[in-house]
Amino acid sequence: YVSLIRGTRYKGQLVDRTCVQMDGVDDRMRTAAFTLNQPLSVYASVNVYNNQVGGAHRVLIDGLNAANSIYFPNSGNTLGVLATSVLQGTFNAFKKFCQISAISNAGSSSISLNGATLATGAVGSTNPGGITIGSYRNGLAEWINASFGAVYVTNKADNTQQQADLNNYLRGIQNKLY
C-alpha cells in the first residue's frame, strides 16, 4: 500500500513515459511500515532540479525508521546515502534524468550515478522498515523538487552484474530521458 500525500501528482508525460513530480514544498509518497532490512538495493530513475537552497537536506528516498536516506546534504552537488554512517559522492546530473543506485549492506555499501560508482564503504546497519519518496521519513520536512520515473527496491545487495542489468532496464523503460 502506498500513500500519496499532499498534492503529489502525475505531471503528464515525458517522451512516452509518465513520471511523478515532487514540488519541493510538501509532496511525498510513503508505504505503510513493513519488514525491510539490510542488505538492500535501491534504484531511482530521477530528474533532480537544483533546489539546494536554504541549507536544508533534500531527501530523494528515505525509510520509515531513523537514518535511512538517499539525500542531498545542505547545498552544492553532493549525493549521500546513510543508514547510521554517511557515504557521499559528487552529483553532477541536475536538471536531467539520471539513474541513482544505492546498495546498503553495512560495511560493503555503495552509491552510483548512471552506473558509475561514486563512493563505497560503510553506511551502518539501521533498517528502513518501509519507504518514503520525496521527503524525510516523517513526510514533514526536507522535500525534494524532482521528477521520478521509477523507483525499485530489492531485499538483497545486488552484485555488479545485477546492478548493470537493472540500470540498463531502467534506461530502457525511461527511453530517451537519459
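This text goes with the structure placed above it.
Residues numbered from 1 in each chain as written. Predicted model: local features only at pLDDT ≥ 70, side-chain atom pairs only at ≥ 80, totals over all residues. Heavy atoms only, no water.

**Looking at the overall build of the protein chain**
Alright, step 1. A count of helical and extended segments in the protein chain gives one helix and 14 strands.
Alright, step 2. Split into buried and exposed, the 178 residues of the protein chain put 49% on the buried side.
Alright, step 3. Look at the contacts in the protein chain between residues 6 or more apart in sequence, and 63% of them connect residues 24 or more apart.
Alright, step 4. Accessible surface, the protein chain as shown: approximately 7,800 Å² in total, 49% of it carbon and sulfur. (Helix = DSSP H or I, 4+ residues; strand = E, 2+ residues; numbered from the N terminus. Buried < 20%, exposed > 50% of the residue type's maximum accessible area, 1.4 Å probe, protein only. Contact = heavy atoms within 4.5 Å. Areas by Shrake-Rupley, 256 points an atom, 1.4 Å probe, with all protein chains shown as cover.)

**A short note on the pattern of salt bridges**
Pairing between side chains of opposite charge can happen when the charged atoms of each approach one another.
Alright, step 1. In this structure the tally under the stated criterion is one salt bridge.
Alright, step 2. A salt bridge links Lys-156 to Asp-158; its shortest N-O distance comes to 2.6 Å.
Alright, step 3. Here Asp-158 falls in the buried class, since its relative accessible area comes to 7%. (Salt bridge = Lys/Arg side-chain N within 4 Å of Asp/Glu carboxyl O.)

**A closer look at the packing of aromatic side chains**
Alright, step 1. Inspection of every chain in the model, using the stated rule, returns four aromatic pairs.
Alright, step 2. Ring centres of Phe-72 and Phe-94 lie 5.7 Å apart, and the angle between their planes is 35°; this geometry places the pair in the tilted category. Remark: Phe-94 occurs in the loop between strand 9 (86-90) and strand 10 (97-104) and Phe-72 occurs in strand 7 (residues 69-72); sequence separation between them is 22 residues.
Alright, step 3. Given a relative accessible area of 18%, Phe-94 falls into the buried group.
Alright, step 4. Geometrically, the ring pair formed by Phe-91 and Phe-94 is edge-to-face, given 4.9 Å between the ring centres and 75° between the ring planes.
Alright, step 5. Taken together, the aromatic side chains of Phe-72, Phe-91 and Phe-94 make up a single cluster linked through ring pairs. (Phe/Tyr/Trp six-rings, centres within 6.5 Å; stacked < 30°, edge-to-face > 60°.)

**Describing unusual backbone geometry**
Alright, step 1. Each neighbour pair has its own omega, and for Gln-38 with Pro-39 the value is 0°, a cis peptide bond.
Alright, step 2. Its identity is not glycine, yet Ala-106 carries a phi of approximately 50°, on the positive side.
Alright, step 3. Mapped onto the secondary structure, Ala-106 falls in the loop between strand 10 and strand 11 (109-113).
Alright, step 4. Since its relative accessible area comes to 31%, Ala-106 is described here as partly exposed.
Alright, step 5. Backbone geometry places Glu-142, a non-glycine residue, at a positive phi of 60°.
Alright, step 6. By the secondary structure assignment, Glu-142 is in the loop between strand 13 (132-133) and strand 14 (145-154).
Alright, step 7. The exposure class of Glu-142 is partly exposed, given its relative accessible area of 23%.

**Regarding the environment of Leu-79**
Alright, step 1. Mapping Leu-79 onto the fold places it in strand 8 (residues 78-82).
Alright, step 2. With 21 residues separating them in the primary sequence, Leu-79 and Ile-100 have C-alpha atoms 9.5 Å apart.

**Things to note about the nonpolar core**
Alright, step 1. Counting 32 residues, the largest nonpolar core has Val-46, Val-48, Leu-60, Ile-70, Phe-91, Ile-100 and Phe-148 as the members making the most contacts within it.
Alright, step 2. Among the secondary structure elements, those contributing two or more residues to this core are strand 3 (17-23), strand 5 (40-48), strand 6 (58-62), strand 7, strand 8, strand 10, strand 11 and strand 14.
Alright, step 3. Tallying contributions element by element places strand 5 first for this core, with five residues.
Alright, step 4. Discounting residues that sit within four places of it in the chain, Phe-148 has contacts with Cys-19, Val-20, Met-22, Ser-45, Val-46, Leu-60, Ile-61, Ile-133 and Gly-134.
Alright, step 5. In terms of nonpolar packing, the next biggest core, distinct from the first, is built from five residues, Ile-103, Ala-150, Leu-166 and Leu-170 among them. (Core = buried A, V, L, I, M, F, W, Y, C linked by side-chain atoms within 4.5 Å.)

**Side note on the environment of Asp-23**
Alright, step 1. Inspection of the secondary structure assignment puts Asp-23 in strand 3.
Alright, step 2. With a relative accessible area of 25%, Asp-23 lands in the partly exposed category.
Alright, step 3. Between the alpha carbons of Asp-23 and Trp-143 there is a distance of 7.8 Å; along the sequence they are 120 residues apart.
Alright, step 4. Here the side chain of Asp-23 touches Val-25 through a polar contact of 2.7 Å, landing on its backbone nitrogen. (Polar contact = N/O pair within 3.5 Å; in protein donor to acceptor, adjacent residues only side chain to side chain.)

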